[in-house]
Structures are given as structure tokens and as C-alpha cells.
Amino acid sequence: MVKNYFKTAYRNLLRNKVFAILNIAGLALGIGCSLVIYKVIVYENGFDTYRENYDNIYRLVSEEQNVSGLEYESGVPFPMSEAVRNDFTDFESVTGIISWESLLVTLEDGTKFREEIGTAFSEPQFLKMFGFEILHGKRVDYLTNPDEVLISESLAEKYFGYSGSNPEVALGQQLTLDNAARQTVSAIFEDQPEQTDFPFTLFCPYDLRATLEPIFSDLKNWEMVHDNNHCYLVVNKNVDLQSTEAAFEPFIDKYRVEEAAARTTMKLQPLSEEHFSTKYDNYSTHAARKDFLIALAIIGIFLIVTGAVNFINMATAQSVLRAKEVGIRKVLGGQKSQLIFQLVSETFLITLVALVIALGLSELFFIQLQQLLGYRLHLNLLGSPDTIVALFVILIVVTLLSGLYPAILMSRNSPVSALKTKAQAANAGGSINVRRGLVILQFSISQFLIFSTLVVSSQMEYFQDASLGFQTENILGFPLPDNDPTKLELLRTQLLTNPQIENVTFGLGSPNSDSNATTRFSYPKGGSDDQHVTNFKPADENYIDVFELDIIAGRGLRKSDDSVIVINETMVVKMGLSDPLEAIGEQVQAWGPRTIVGVVADFHTYSLHEEKVPTVLFKNQRYFFQGLVKINGNNYTKLNETISFIEDKWAAAYPEHLFDYGFLDDFIQSQYEAEQRVASLYKIFSGLAIFIGCLGLYGLIAFVANQKTKEIGIRKVLGATIGNILSIFSKELIILMGVAFILSTPLAYFIINDWLNGFHYRIEIGVSTFIAALAVTFLIAISTMGYNSLRAAFANPVKSLRDE
């Protein structure tokens, strides 16, 4: 019996090929995209969940209350971990760790490698806490020897040709780090899985930082905080986290100066939240915003629902044509339950075929989206039971959601009405209000997605076009291994001999570099001792010219300047002054007394996610870590020659190091990489959801055309024009679009406006956005209904009025 049902279903699908193809295409696209979204969400939620103590690991972070508001800090003072171990009993284990970027590694044969990421200075407890498995060189006291270094399998292969069975080629080898520390390879540890926020490949003892970097020389300094210096803890079971957090208040009072302690609140951040945190950084720099994942999940649901609604619309459109078949089955003794099973089996067959096609589509999508996502996903059905369960649930839910209503609808008609003419059997198509409701649902989803996509795209364009207040094009940056004044001046002089190089400056970094020094300033003369956070930008006398900063009062920095500073407009406001000229000659307290000699127009020291802050430019050779060259932008044909020239002069100055460079505009683009990824994914999946919705609209117009065949014929005989006929289709469509617009727009505005609030600099949603969303929806709808409505309008009325 069941075999007969499916055989009949198969024959019906062959008779209605267009119906079958459209439904399979819609469902396959919807299921395929939903599978991709499902795997993305599963992937992002799987970061570090395999750690043995995953549920009990916390990171110590802080909130600092300043006059400008709350600041969130993931970095902690260097002595923090040791003090926590000594003062607390609530923690099973405590460890400090700091990641380091751009480490120069030199092998014994002189071969050099620059490790941009993956280097960590760690206390011994970290390895056990996070389950880093030692493969070769097993001991129990790793990272206690100041002269050792641990490397991963991949680094051992890269440096020494390690293949898994020959650890002797790496163990005991000497590595020189940053030309300053000679370390011995004491162990090889297992490479970390891709899903980790701790992608470390090289571990050094915690205290080695002071040898490699002079600014870390005072490791007992409680007021020195580095963003990448983190403290992790394994919390004992049954510990009250609120009480433990409260206990950090007297702890901070004990170790930090009164002023810093008063504004600092320590918090325990679960490891489970670290990957999704927008307030605090992580070591992988790959944070997945939860609102992004929620948005993707909503689109995934929309795709499934749209595919199902599309199926229902097309099924009801076809039901008029199948009314006689149903009537004959009933006359021959077919039961209602049998008819329902027969019709649902057709839906099951379509869904099953669509599901199989969706598996292939999803793998294709994974390949195409690899660069956009930054990682490659696979269905991996044999190794992912959860995916098999998800597929089974999708198969059953989509079958019932899509097939049950049309099946019940067609099976409930009486044989007498079903065997009459098509016009009399039209009620087989079901309640017009239900169909209208389904179309309104589809239009609502489409308008929600179109509105959201327009806003997201506009925000991304705003990021692209917004002025940052400084020159961003044709600026090339490179590292300075040391900042000896004589060497820097010689390098500058040599570089300027090239006519393609317009200017050279040295400093901590570009105006909105990731490298930032912050302190607090006060202006006692202004009658306030308020401590404002300020961004300190160590720079030389050419910095303002290279970046074309606008001096609005006073002067810029000079070669002979020592304790003078140039400030920005925001700092003038924080000082309580109304005119930048009033600031010239004034003195503020910021790392000692500083005299203001100039004021520049505000520029962005961070990305557009954050507001402009008080900023100070000052000369301090100690913090010159980057060289920045302004290149002639009118002759790009010589760009490669110019870069080679810069590399040659740099290599002559620093022969023991490896040259590396980057362009400022590329760095600025990278600051919005996550948002661009979100916007691109949103556009892709929204576009596919809208396309599937168009198939459903096609089904509605097909239904109306079938139902109104004789009406259209009579109207044409009585003199109706093509325009009159087309209005039959468009009039109701426009009304349904209006209802959908009223229902969907407020929800879309509320959700997308909340997303925009996450950016300090954002666009405003105007009336034009609503009009554009409605216009796009209208154009899509008119384009979709065009074929069927025109075919009906141009049909021969003689054929339309022929008696069946």
C-alpha cells in the first residue's frame, strides 16, 4: 500500500514537472542555506568546549569607572596571578599568560622566521588548565626553567622537519628570540584544534617578557597593565561567584594605589562567554557576536518557513487542477486518511529529493563561503550525529508544515463538487483568507530582510566613506627593531633620497593603530582634579605633516621639543575651555607636567566603533616602534620598486631582523572585517530567502490565473483592456504588500536600530529607507507576477470560455 502511494506520488510529480521543479528548487535552496547557517552556529558555539575544565574556567577582567563612563579591560597588572594564588582559596588553579605578536625566531643555522601570532609567555599552570598535551619531552615542571621553550607540532615541522616519529630533530635545539634570548626546545606539544581562542604554537616562561621587552622590566608594577596580559582561574565547585567577586574589592585596595583601586571593579568572566564578548578581547581576535548568530538563526528559520509557504501556495494553486482526481478517488472508496497520506507522501517525496540536493548545495556553499567565513566547514555526516538528527527533523517538519494543510484541504471536498467544472471546484484551493495570510507572511519576511539589508549595507558604506580626520592613502608602515636616534635619522635620510618617498615619520604607530599608550590627565588650573583617560601618541616632528593633521591653534612638534605636547579638540573640551587658543601655553598633569603648544582637529584614534577620545602627541624616542612612509600616489607603476628600496635601506639598518610592512588603508579595512563578513552573509542569505519567496508569489499568481480564467475571458469579450486585466492581479497584491509593510516594518526598525546602537558612529534610519524597502519589494513582486498575469491577459477568450 505504502509503495503504491509513493509510486502514485512519483507519477503525479512527473505530470506536473514545473510544479515539482519549482518546489524542489525552493525547498532545496531553503534547506541548503539553513544547513550552512546551522553549521556556522554550531562551529562558533564549539570554541574551546572540549577543554576538561570548560565550565569552571574564568578570566579575571575589570571595569573602570572614569568621568567619561565605564571602560572594560581584559588585561591585568603583571603581579596579579601570583597575588591571587597567595590571597585566595576559592580557586583550584591560577595562571598568568601574555600573548606576543611579531616574534623573531632565529635557528642555529641562521635561518629566521617571524611569528606574527601564536607566541605566549605563560606560567606553568596554563598548560594543565587548558589541556595542552605534551607529545615529546615529557616532564612535570614545564616553563619553570627560564632557558626553555615549548613548540607545537606544526612549528617543529616548520623549523626542523619533524614528522611525528623523529622528535630528536627538534628536542634540545637552540632558538634565539628577538636576537635577545637563547632558548632550548624542551618539548613538543599537540597542535590545537581550529576551534580555539588560544591558538598558541610557542610557549616561553612568563618572566622572559622582561628580557625581550624593556617596558616589562618591572614585573612587580601593579600600575602597568598590558592588554594581552590575562589571568585565568579554575574555580572550585560550590563557590559563590558573587561573594568571590566582592572579595576582590579589598584585594585591589591592598595592592593598587588608592586612586586606581577606587575606580576598578574586578569581574569573573566565564570561558563560555569569552568567544562572544564584544567588551573584552581574546587571543584569537575572532569574536563571534551573539546578535550576529541570532540574526543568522532567524534568517535560517525564515528560509525554512518561506520554502514551506512557497510549497503551500503552489500546492493550493495546483489543487484546482487536481480536484477531479480527488473526487474520483473518493467515489471509488478512498478514505480521507488515505487521501491525506497520499498527498503528504508527495510532499515527503519532494522534500526528500530537495534534501538530497540541499546536501550537495550546502557543500558548494561551504566552498564558496570559505574566504568570507575565514574557515572551511563540512557536513561530515558520519562524524556529526547532531547534523543527521537536524536533517531528520528538517525532513519531518518541512513535510508536515508544507504538505499537511494542502492535503487536508483537498481531501475534505465532496465528490460531487469535485467532479463539477473547474469554477465550481475552485474551493479546493482553500480559504482565500488563508492564502492571503500566507502571502502577507512571505511579504513580511521579504520586507524585513530587504529593510535590514539596506540598513546594514548603508552602515558598511558609512564605514568605508567616513573621514577619519587624517590621511589614510599611500602610507606604508614597517617595524623598528630598535629606536636608536642616530640609526633612525640615518634611515630617514636614506629613504628620502628616493623621489617616490614624500616624507618619513617615526612613532608608536599610525593615528588609529592597535598600538596605543593611555594615561590620565588633569587640569588643576581649571579648578578640577578629575582624571580623564587620554590616548598618548609618541610621534616625531614629521608626524602631523605625514598624516595631514589639521593644526587649528599653536604649532606642531619640533625636533628640539621635550616636555611639550600637542592635543586634540576633545581634550580642550575636557579641560573646560571653549576656544582652542585658550589651551596654548597651559599646563596639564599627564605623566608629569606637560605644556600645550598646539591643538589639532579631532581624528579617530580607534575604529568607528568607539568615540573620539582626548589625545596627546608628544616626542618620546623610547616609544618609537614603527616607521611610516608617505609614498607618491601618482606613480603606482614604481610602487614595487619603492617597496624594494625601503626594504634594502631597512635591512641595512637592521641586518639581524626580517622586514615586514603593511599599508594603512589595508589595516583600516581590517578593523571592519567582522562587520563586512556579517553584511555579506546577510545579503547572500537574505537574497536567497527573497528568491524563494518569489517562487511562492509565482504560485499565488498561478492560482489566481487558474481560478479567474472564465472571469478574464468574459471581461475581454466585454471590452476589458490588457491594463484592466492586469489590475485584477496587481490590485490585491498591492493591498497585501501594504499590510505586510505595516506589520513588518516596526519590528525590523526596532531590531536593526538596536544593532546600530552597538556603533558609536552610525547612520540614522530615515523615511527614505522605508520607501526604498517598499519600492524594492514592489519591483520584485511585479517582476515575479509578470509572466502569469500577462499570459492570462493575452489568452484567447474563446478558449477561456470553452465548457469543460
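Residues numbered from 1 in each chain as written. Predicted model: local features only at pLDDT ≥ 70, side-chain atom pairs only at ≥ 80, totals over all residues. Heavy atoms only, no water.

(A) Seen up close, the overall build of the protein chain. Scanning the protein chain for helices and strands turns up 26 helices and 24 strands. Looking at the protein chain residue by residue over its 804 residues, the buried ones come to 52%. A separation threshold of at least 6 residues defines the contact pool for the protein chain, and within that pool the share at least 24 residues apart is 80%. For the protein chain, the computed accessible surface area is about 35900 Å², with 55% contributed by carbon and sulfur atoms. (Helix = DSSP H or I, 4+ residues; strand = E, 2+ residues; numbered from the N terminus. Buried < 20%, exposed > 50% of the residue type's maximum accessible area, 1.4 Å probe, protein only. Contact = heavy atoms within 4.5 Å. Areas by Shrake-Rupley, 256 points an atom, 1.4 Å probe, with all protein chains shown as cover.)

(B) Quick peek at the packing of helix H16 (residues 485–495) against helix H20 (residues 639–653). Viewed as axis vectors pointing N to C, H16 and H20 meet at an angle of 155°, and their least axial separation amounts to 10 Å. Judged on the interaxial angle alone, H20 and H16 are roughly antiparallel. You can see that H16 and H20 cross each other, and the crossing is right-handed. Counted together, Lys-487, Leu-491, Gln-494 and Leu-495 of H16 and Phe-645, Ile-646, Lys-649, Trp-650 and Ala-653 of H20 form the full contact between these two elements. Among the residues making up the contact of H16 with H20, the classes are represented as six nonpolar, one polar and two charged. (Axes fitted to C-alpha atoms, helices over the stretch in contact; angles between N-to-C directions. Parallel < 35°, antiparallel > 145°, perpendicular 65-115°, else oblique. Left-handed = near helix turned anticlockwise from the far one by under 90°. Nonpolar A, V, L, I, M, F, W, Y, C, P; charged D, E, K, R; others polar.)

(C) Layout of the nonpolar core. Leu-449, Phe-451, Phe-470, Phe-547, Leu-549, Leu-617 and Phe-685 are the most contacted members of the largest nonpolar core, which totals 93 residues. The next biggest cluster of nonpolar side chains, apart from the first, holds 27 residues, and it includes Trp-100, Leu-155, Ala-181 and Leu-202. (Core = buried A, V, L, I, M, F, W, Y, C linked by side-chain atoms within 4.5 Å.)

(D) Representation of the packing of aromatic side chains. If you walk through the whole model with that rule in mind, you get 43 aromatic pairs. Between Phe-126 and Phe-132, the ring centres sit 5.6 Å apart and the planes meet at 40°, which makes this aromatic pair tilted. On the accessibility criterion, Phe-126 (0% relative accessible area) is buried. Aromatic pair Phe-478 and Phe-659: ring centres 6.3 Å apart, planes at 40°, arrangement tilted. Within this pair, whereas Phe-478 is found in strand E14 (residues 475–479), its partner Phe-659 is found in the loop between H20 and strand E24 (662–663), the two being separated by 181 residues in sequence. For the pair shown, Phe-478 and Phe-659 are each scored as buried. Of the aromatic side chains, those joined through ring pairs into one cluster are Phe-126, Phe-130, Phe-132, Phe-189, Phe-198, Phe-200, Phe-203, Tyr-232 and Tyr-283. In this structure, Arg-209 packs its charged tip against the face of Tyr-206, placed 3.8 Å from the ring centre. (Phe/Tyr/Trp six-rings, centres within 6.5 Å; stacked < 30°, edge-to-face > 60°. Lys NZ or Arg CZ within 6 Å of the ring centre and 35° of its normal.)

(E) Structural detail: the pairing of strand E19 (residues 564–568). For E19, the buried fraction is high: five of the five residues fall into the buried class. As paired strands, E19 and strand E21 (residues 593–600) are joined by five bridges and run parallel to one another. Its bridge partner lying in E21, Val-564 is registered against Thr-595. By the bridge criterion, two bridges tie E19 to strand E22 (residues 615–618) in an arrangement that is antiparallel. When the sheet's bridge partners are listed, Val-566 is paired in E22 with Leu-617. (Pairing = 2+ DSSP bridges.)

(F) Inspection of the environment of Glu-502 at higher detail. Mapped onto the fold, Glu-502 is located in strand E15 (residues 501–507). By relative accessible area, which is 44% here, Glu-502 ends up partly exposed. Separated by 129 residues in sequence, Glu-502 and Ile-631 place their C-alpha atoms 5.7 Å apart.

(G) Here's a closer look at H16. Residues of H16 that are buried: Leu-488, Leu-491, Arg-492 and Leu-495. Here the buried residues of H16 occupy an arc of 100° about the axis, which is enough to place them on one side. Where H16 is buried, its residues contact E14, E15, strand E23 (626–631) and H20. (Arc of directions from axis to C-beta.)

(H) Representation of the side chain of Asn-282. With respect to the element layout, Asn-282 can be found in the loop between helix H9 (271–274) and helix H10 (290–319). Ignoring any residue separated from it by four or fewer positions in sequence, one finds Asn-282 in contact with Arg-59, Asp-197, Glu-274, His-275 and Ala-287.

(I) Region of the structure containing the confidence of the model for the protein chain. Confidence in the prediction of the protein chain, expressed as mean pLDDT, is 83, and 85% of residues score 70 or more. In this model, residues 422–430 is a region of pLDDT below 50 whose contacts with residues beyond four sequence positions or in other chains number 25 contacts. (pLDDT = per-residue confidence, 0-100.)

(J) Main features of a negative patch on the surface. A contiguous patch of negative charge, built from Glu-101, Glu-116, Asp-227, Asp-281, Asp-514 and Asp-660, is present on the exposed surface. Turning to its location among the elements, Glu-116 is positioned in the loop between strand E5 (112–115) and strand E6 (119–122). (Patch = residues over 30% accessible without salt bridge, like charges linked within 9 Å, V, L, I, M, F, W, Y side chains within 5 Å. Salt bridge = Lys/Arg side-chain N within 4 Å of Asp/Glu carboxyl O. Lys, Arg positive; Asp, Glu negative; His and termini not counted. Charge placed at Lys NZ, Arg CZ, Asp CG, Glu CD.)

(K) Summary view of unusual backbone geometry. A positive phi is found at Leu-143, a non-glycine position, where the angle reads about 65°. For Leu-143, a relative accessible area of 5% translates into the label buried. Although it is not a glycine, Asp-178 sits at a positive phi angle of roughly 50°. Here Asp-178 is to be found in the loop between strand E9 (174–177) and strand E10 (181–189).

(L) Structural detail: a nonpolar patch on the surface. Judged by side-chain polarity, Val-389, Phe-392, Val-393, Ile-396, Val-397, Leu-400, Leu-401 and Leu-404 come together as a nonpolar surface patch covering roughly 660 Å² of accessible area. Residue class for Leu-400 comes out partly exposed when judged on its relative accessible area of 44%.

(M) Structural context of the pattern of salt bridges. Per the counting criterion, the structure on display carries 17 salt bridges. Note that Asp-48 and Arg-51 form a salt bridge whose closest N and O atoms lie 3.0 Å from each other. Across this residue pair, the class does not change: Asp-48 and Arg-51 are buried. With its nearest N and O atoms 3.6 Å apart, the salt bridge here joins Arg-762 to Glu-764. The exposure class assigned to Arg-762 is buried, which follows from its relative accessible area of 16%. On the basis of relative accessible area, Glu-764 is assigned to the exposed category, the value being 62%. Connected through salt bridges with shared partners, the residues Glu-489, Arg-492, Asp-540 and Lys-559 form a single ionic network.

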